[in-house]
Amino acid sequence: MSVELLTDSKIRALKPHPAPFELLDRSQTGLTLRVSANGKKTWFLLTRIKGTLRRVKIGTYPEITLTAAREEARRQKARIQLGADIWLEKKGGSNQLRFDEFAERFLSEHSIQKADSGKEDRRKIEKHLIPLWGKVSVNEITKTHVHIVIDQLLKADTRVMPNRVLQLIKTMFTWGLEKDLVASNPAEHIRKPKKEKSRDVYLNEVELRMFWRALEKTTSQVRDFFQLCILMGQRAGREMGHLRWREIDFNTGLALISFERMKNRVSQEIPVSSHAAAILSELKKQAGVSPFVFPSPIDPIGRPMTYPKKRFLKIKLQSGIEKDFHVHDLRHTVDTLMASRLKIPKTVREKILSHKSAKEISDVYDQHDYLDEKKDALERWGEFIFEVTKC
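Residues numbered from 1 in each chain as written. Predicted model: local features only at pLDDT ≥ 70, side-chain atom pairs only at ≥ 80, totals over all residues. Heavy atoms only, no water.

Peer 1: Any chance you could explain the overall build of the protein here in plain terms?
Peer 2: When you go through the protein residue by residue, the secondary structure sums to 16 helices and 8 strands. Projected onto the principal axes, the alpha-carbon positions of the protein cover approximately 85 × 50 × 40 Å. Counting across all 391 residues of the protein, residues that qualify as buried make up 44%. Taking contacts inside the protein between residues at least 6 apart in sequence as the whole, the part at least 24 apart equals 58%. Carbon and sulfur atoms make up 52% of the accessible area of the protein, which amounts to about 21200 Å² in all. When the 72 basic and 51 acidic side-chain charges of the protein are each reduced to a single mean position, those positions are 4 Å apart. (Helix = DSSP H or I, 4+ residues; strand = E, 2+ residues; numbered from the N terminus. Buried < 20%, exposed > 50% of the residue type's maximum accessible area, 1.4 Å probe, protein only. Contact = heavy atoms within 4.5 Å. Areas by Shrake-Rupley, 256 points an atom, 1.4 Å probe, with all protein chains shown as cover. Lys, Arg positive; Asp, Glu negative; His and termini not counted. Charge placed at Lys NZ, Arg CZ, Asp CG, Glu CD.)

Pasting the structure below:
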């Protein structure tokens, strides 16, 4: 949170960032302006009430002007000096929202919008947080509570779960601040407890050939699934696993993946190369009445197939590849070989993989869909795969 001498011209000029941010007014102690990701500007008073740091909503800008917000902040601070609990007044006399109630609201209003990680959020909350915090008032949760959770995870988990749970707590309370449900974020200034090594694993050409040939020996549905993931460069979860025939247009050679299933919540228009189209055409002949490209063998009309995790592990073992790689590393492979072997520009690769650009703000101005560039890149990628994997 930066401190600035706010002026009306400065406030009008503020542009939204990918994540919410706040400015603290230098002229009036405790007065903050929060700018949400969608550009909404909201005044808050950040102050201690009976020893507890509270965040009290004043109103939105420009309905509440800078001058009016400063006057209201002074008025409310004077009332606090006289013993008023303006936090309780704002909450209708009660601040006893329990953490389990808060968590359920977070899951139903926030996590449900996330294509792949909503179920994982619920699992972490129910396993690691509800047993300790469930009946505790959400505004009584402090840094100490957070450290207890993280310390328990550190004793039981040597991998990245402590970091993941800490980030989830931060996300929950940041959302709670946005919704005016909590007064502060107890995890805000807690650092990641474990240092993570960034994964930079991909298959080289020899390993890609080994993996592809191992796929040829498995069942046709699993083979086609992973081969299409590689040829189209899409995530193996809901993006490819829940692909529907209505999303594929063989006439235009395009697949449109609905935004609900995309990790970044943006619809993905992906060209279907001739090699991917050949696989899809064969699958279409076998589809029957199922709406899914990869239907469940138990309920082909109502459900897509379950992600074949065990099959992937078996294929990986049978391939003879010695390095440890995950299914997500297939996308690293697409990105790396497109760059190193085909010299495909980073911008085009990001569009194909639906990666956020490092300069996210540029997306606001760059409305070019790169469809022709993606089509050319994926066609070249399909040819490259064919040459690498042929006997």
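From this point on, the discussion continues.
Peer 1: How should I be thinking about the sheet that holds strand β7 (residues 254–257) in this particular structure?
Peer 2: Think of a sheet as strands paired side by side through backbone hydrogen bonds, with each pair either parallel or antiparallel. Strand order in the open sheet formed by 3 strands is β6-β7-β8, and the pairing between neighbours is antiparallel. Taken across any chain shown, the strands that pair with only one partner, and hence form the sheet edges, are β6 (248–249) and β8 (268–271). In this sheet, β7 lies alongside β6 in antiparallel orientation, the contact comprising 2 bridges. From the neighbouring strand, D249 faces β7, where its bridge partner is L254. (Pairing = 2+ DSSP bridges.)

Peer 1: Please explain the sheet that holds strand β1 (residues 2–4) as it appears in this structure.
Peer 2: Spatially, the 5 strands line up as an open sheet ordered β1-β2-β3-β4-β5, and their pairing is mixed. Lying at the two open borders of the sheet, with one neighbouring strand each, are β1 and β5 (52–61). On average, each strand axis in the sheet is inclined to that of its neighbour by 30°, with strand direction left out of account. Sheet contacts for helix α2 (residues 66–81): β2 (21–25), β3 (31–35), β4 (41–49) and β5; angle to β4, the most-contacted strand, approximately 20°. (Axes fitted to C-alpha atoms, helices over the stretch in contact; angles between N-to-C directions.)

Peer 1: Even after reading the chapter, I still don't get the pattern of salt bridges, so can you show me in this structure?
Peer 2: Opposite charge on two side chains makes pairing possible when the charged atoms of those side chains draw close. Tallied over the full model, the rule gives 21 salt bridges. For E22, the salt bridge identified is with R34, shortest N-O distance 2.7 Å. Residue E22 is located in strand β2, and its partner R34 is located in strand β3; the two are separated by 12 residues in the primary sequence. Neither residue differs from the other here; E22 and R34 are each classed as buried. Salt-bridge contacts for R223 lead to D224; the nearest nitrogen and oxygen are separated by 3.0 Å. Given a relative accessible area of 22%, R223 falls into the partly exposed group. Note on D224: relative accessible area 6%, which makes it buried. (Salt bridge = Lys/Arg side-chain N within 4 Å of Asp/Glu carboxyl O.)

Peer 1: Honestly, the packing of helix α4 (residues 99–109) against helix α7 (residues 161–178) in this entry has me stumped. Any pointers?
Peer 2: To describe two helices that pack against each other, one gives the angle between their axes and the distance between the axes. Relative to each other, α4 and α7 sit at 85°, their axes nearing to 11 Å. As judged from the angle between their axes, α4 and α7 are roughly perpendicular. Along the contact surface, α4 presents F99, F102, A103, R105, F106 and E109, while α7 presents L168, T171, M172, F173, W175 and G176. Grouping the amino acids of the contact of α4 with α7 by side-chain chemistry returns 8 nonpolar, 2 polar and 2 charged. (Parallel < 35°, antiparallel > 145°, perpendicular 65-115°, else oblique. Nonpolar A, V, L, I, M, F, W, Y, C, P; charged D, E, K, R; others polar.)

Peer 1: Even after reading the chapter, I still don't get the pairing of β4, so can you show me in this structure?
Peer 2: The side chains of a regular strand alternate, first on one face of the sheet and then on the other. The buried fraction of β4 is high, at 7 of 9 residues. Where β3 folds back onto β4 in an antiparallel hairpin, the turn is made up of 5 residues, including G39, whose phi is positive at roughly 95°. With antiparallel pairing between neighbouring strands as the criterion, β4 and β5 make up a hairpin whose turn holds 2 residues, including K50 at a positive phi of roughly 55°.

Peer 1: Can you walk me through the environment of E216 in this structure?
Peer 2: With respect to the helices, strands and loops of the structure, E216 is situated in the loop between α8 (205–215) and α9 (220–232). A relative accessible area of 43% means that E216 is categorised as partly exposed. As for E216 and V3, which are separated by 213 residues in sequence, their C-alpha atoms are 61 Å apart. In this view, E216 contacts R223 and Q227; residues no more than four positions away in its chain are not counted. Only 3.2 Å separates the side chain of E216 from the side chain of Q227, close enough to count as a polar contact. (Polar contact = N/O pair within 3.5 Å; in protein donor to acceptor, adjacent residues only side chain to side chain.)

Peer 1: Is there a simple way to explain a negative patch on the surface in this structure?
Peer 2: Taken together, E269, D369, D372, E373 and D376 make up a surface patch of like negative charges. Take the negative patch: its biggest share by element is 3 residues, from helix α16 (residues 371–389). Following the sequence through the fold, D369 ends up in the loop between α15 (362–365) and α16. (Patch = residues over 30% accessible without salt bridge, like charges linked within 9 Å, V, L, I, M, F, W, Y side chains within 5 Å.)

Peer 1: Where do I start with α4 in this structure?
Peer 2: Of the residues making up α4, those classed as buried are F99, D100, F102, A103, F106 and L107. An end-on view of α4 places all buried positions within 160° of arc, on one side of the element. Of the surrounding elements, those touching the buried residues of α4 are α5 (118–133) and α7. (Arc of directions from axis to C-beta.)

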